[in-house]
Amino acid sequence: MRKMMMQDAYKVLEAVFGYTTFRSPQDDVINALLQSKDAFVLMPTGGGKSLCYQIPAIVRDGVGIVISPLIALMQDQVSAMSQAGVKAACMNSSMPPGHNNEVERQARKGELDLIYIAPERLTLPQTIQWLNECQISLFAIDEAHCVSQWGHDFRADYLQLSLLHEQFPHVPRVALTATADSKTREEIIARLGLQQAAVFVSGFDRPNIQYRIAQKNQPRQQLLNFIQQEHLSDAGVVYCLSRNKVDATAQWLSAQGLKAYPYHAGLSKEVRQQNQERFLKEDGVIIVATIAFGMGIDKPDVRFVAHLDLPKSIEAYYQETGRAGRDGQPSTAWMVYGLEDVIKLKQMMAGSEANEQFKRIEQRKLDAMLGLAEITSCRRQMLMAYFGDTMEEPCGNCDCCLTPVITWDGTDAARKALSCVFRTGQRFGVVHVISVLRGKLTDKVTQFNHQNVSTFGIGAELSESQWRSVFRQLIARGYLNVNFDHGQVYLSEKSRALLKGQETIALRLDTNASKKKSSSSGKNNSAPVSSDDIELWEALRICRKRLADEQSVPPFVIFHDATLKDMVVNKPSTLQQFSMLSGVGKKKLDKYGDEFLTVLANA
Ligand code: ADP
Ligand code: ZN
């Protein structure tokens, strides 16, 4: 019996989804569910969590109930399933009145494979009553970290989901999340009663994402160069810390001829919805956003995520950058950061009114993020280590691997910097301390008589920007602390050994990364195909967009970029050949095969 069901799973993989092999651990998860076992699945974004419940829901008798907090997304998920020929529906408060009744009726009659439902709706007594009248194949609890108060997206409604276990003890449940930290994991298992569940954890690496962190000098211009040189007409997300900066950046990018729209909590619901809609449905839209944007966005073909401000933790950084390249195609996580970012975040931490324990945790998280920004070896190795995965070799796909960082012996400079902070009384900001080091007679220097301190002018050999680099690294690495009030710097315990000459320090040599990148990558086009095929690629995209518009669905619901790329590479000329492409199942073959073959034939 069991074997037979796994065979069915392979058939569905091929006929419905158009894929030939499972990605680990999809097959194991599916196998567990087919055997009516509960499962807990931890996979990175883009790892392929959806198939883990979609396939068993199709193979098993009855309807699969998918609980998801992302109402805005449900319709797209249903569209994607329908395109593949799966009978799916959704139930949430945004649906017209008669809709939910109709879904209930169809489910009772066993006419549906999948229902996406919002948690607040699922836990209503009448919903439970209705579910008791249906045959249910499984419960899938998507975004399961929402049950955790420790995590970042807590939803009170999720707490109620423990009732599934009590009310439907024989229906297998699968909880899925991309959130890695162990505390959240423990909380999910405890709160959802998943102690008996089989646990599946896949590696957290996202090899298709290229991680790059460069020094900030003219952030907007650097961003524009990056987009123009590497991601012109690609979809992307740009994160900024404040609403004002979001608005200004979106405006500026638009003025440069890009399709960029803002997204933050200060905009009206209509505007937000409209901008999100454009992002999903039009090609090459850039969303400039605060962190308010992202959770509800399952767009698979986001080609870049850019940060103009430093996130507060590696968790946040990894989650935000993880929105790039869910389809597994090459993508870029790009960030610029500088001395001001370090000072601003350190200052915010110092002024935080949270309790001591919480502050310590926050501080440690920020320090890890700064460590990642300043690291001179492979960034991915550090990221993986942070999440408890070891990577033996450097990745070859981060800026540190691609352009090895040069370090210099900064011991002497660091000592000068630290003693100058000390000699001027540890109550000034970095700008003033640099003036003293460089022997500049500014108003402030004369006001405080700092031309008379012993460190005045001892650092004339380094330029202002070189000193800024030294200070950034000293602060980021904890040799200097930052005061909350005005960002004054003062010595930390750690600086003592360095000052006393018991320790040396190697510093990063900052270079103008944006310049270097353009010459190294050099290509002026972002299409993932060779230059001979760009016209064909564009023609296929236009065909996809037309078909999507006709049905008011996002283009990726028709075919993912990976499938279009497969068309360009293999140039099928018959339906039989077309059916072999990754992502082409039976239904899509019938529906779209001829149209795309025509485009291919005319190329
Ligand atoms: P997640 O929910 O984990 O973020 P998705 O379920 O959206 O990821 O899947 C990410 C991408 O991977 C989708 O484009 C999906 O079609 C593709 N995918 C999933 N499983 C497979 C597979 N076995 N073979 C090929 N592509 C797959
Ligand atoms: Zn690397």
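Residues numbered from 1 in each chain as written. Chains lettered and ligands numbered in written order. Predicted model: local features only at pLDDT ≥ 70, side-chain atom pairs only at ≥ 80, totals over all residues. Heavy atoms only, no water.

Draft legend 1. Layout of the confidence of the model for the protein chain. With 96% of its residues at a pLDDT of 70 or more, the protein chain shows a mean pLDDT of 91. Confidence drops under a pLDDT of 50 for residues 513-524, and excluding neighbours within four residues, the segment shows 14 contacts in the predicted structure. (pLDDT = per-residue confidence, 0-100. Contact = heavy atoms within 4.5 Å.)

Draft legend 2. How the structure looks around the coordination of the zinc ion (ligand 2). The zinc ion (ligand 2) binds to the protein through Cys378 (SG), Cys395 (SG), Cys398 (SG) and Cys401 (SG), with metal-donor distances spanning 2.3 to 2.4 Å. Every donor counted, the four donor atoms about the zinc ion (ligand 2) form angles of 101 to 118° at the centre, which fits tetrahedral coordination. Read N to C, the donor residues that coordinate the zinc ion (ligand 2) are spaced as C-x16-C-x2-C-x2-C. Residue class for cysteine 398 comes out buried when judged on its relative accessible area of 0%. (Donors = N, O, S within 2.8 Å, 3.2 Å for Na, K, Ca; no water. Tetrahedral: all angles 85-135°; square planar, octahedral: opposite > 155°, others 65-115°. Buried < 20%, exposed > 50% of the residue type's maximum accessible area, 1.4 Å probe, protein only.)

Draft legend 3. Just the pairing of strand β3 (residues 88-91), in detail. On β3, burial covers both faces: Ala88 and Cys90 on one face and Ala89 and Met91 on the other are all buried. Note: β3 against strand β4 (residues 114-117), four bridges, orientation parallel. The partner of cysteine 90 across the bridge, within β4, is tyrosine 116. Assessed by its sense of winding, the connection that carries the chain from β3 through helix α5 (residues 97-108) to β4 is right-handed. (Helix = DSSP H or I, 4+ residues; strand = E, 2+ residues; numbered from the N terminus. Pairing = 2+ DSSP bridges. Right-handed = clockwise from strand over helix to strand, strands pointing away.)

Draft legend 4. Structural view of the site of ligand 1. In the neighbourhood of ligand 1, 15 residues make up the surrounding shell, with Tyr19, Gly46, Ser50, Arg326 and His560 lying closest. One nitrogen or oxygen atom from the side chain of tyrosine 19 is found 2.5 Å from an oxygen atom belonging to ligand 1. One of the side-chain N or O atoms of arginine 23 is found 3.1 Å from an oxygen atom in ligand 1. For ligand 1, the protein covers 85% of the area, taking 570 Å² as the surface of the free molecule. It is helix α3 (residues 49-59) that provides the largest number of residues to the shell around ligand 1, a total of three residues. Here the shell around ligand 1 is built from residues that sort into four nonpolar, eight polar and three charged. (Near = heavy atom within 4 Å. Polar contact = N/O pair within 3.5 Å; in protein donor to acceptor, adjacent residues only side chain to side chain. Areas by Shrake-Rupley, 256 points an atom, 1.4 Å probe, with all protein chains shown as cover. Nonpolar A, V, L, I, M, F, W, Y, C, P; charged D, E, K, R; others polar.)

Draft legend 5. Molecular detail of the packing of helix α20 (residues 430-437) against helix α22 (residues 464-476). Relative to each other, α20 and α22 sit at 130°, their axes nearing to 10 Å. As the angle between them shows, α20 and α22 are arranged oblique. For α20 against α22, the interelement crossing comes out right-handed. Each of Val430, Val433, Ile434 and Leu437 in α20 lies in contact with α22, whose residues at this interface are Glu464, Trp467, Arg468, Phe471 and Ile475. Class assignment for the residues of the contact of α20 with α22 results in seven nonpolar, no polar and two charged. (Axes fitted to C-alpha atoms, helices over the stretch in contact; angles between N-to-C directions. Parallel < 35°, antiparallel > 145°, perpendicular 65-115°, else oblique. Left-handed = near helix turned anticlockwise from the far one by under 90°.)

Draft legend 6. Layout of the pattern of salt bridges. The tally for this structure, following the rule as stated, stands at 33 salt bridges. Here lysine 216 makes a salt bridge to aspartate 309, at a shortest N to O gap of 3.9 Å. Here aspartate 309 lies in the loop between β12 (302-307) and α14 (314-321) and lysine 216 lies in the loop between β8 (209-215) and α11 (219-230), a separation of 93 residues in the sequence. Taking relative accessible area as the criterion, aspartate 309 reaches 4% and is therefore assigned buried. Across the salt bridge formed by arginine 541 and glutamate 538, the nearest N and O atoms sit 4.0 Å from each other. On the criterion of helical spacing, the pair formed by arginine 541 and glutamate 538 is a turn pair, its members being three residues apart in helix α25 (residues 534-550). Residues joined by salt bridges that share partners form a network here, namely Lys216, Lys245, Asp309 and Asp341. (Salt bridge = Lys/Arg side-chain N within 4 Å of Asp/Glu carboxyl O.)

Draft legend 7. Spotlight on the domain arrangement of the protein chain. In terms of domains, the protein chain is made up of domain 1 (2-201), domain 2 (209-337), domain 3 (410-510) and domain 4 (531-602). Centre-to-centre separation of domain 1 and domain 3, based on C-alpha positions: 56 Å. (Domains from an automatic or database assignment.)

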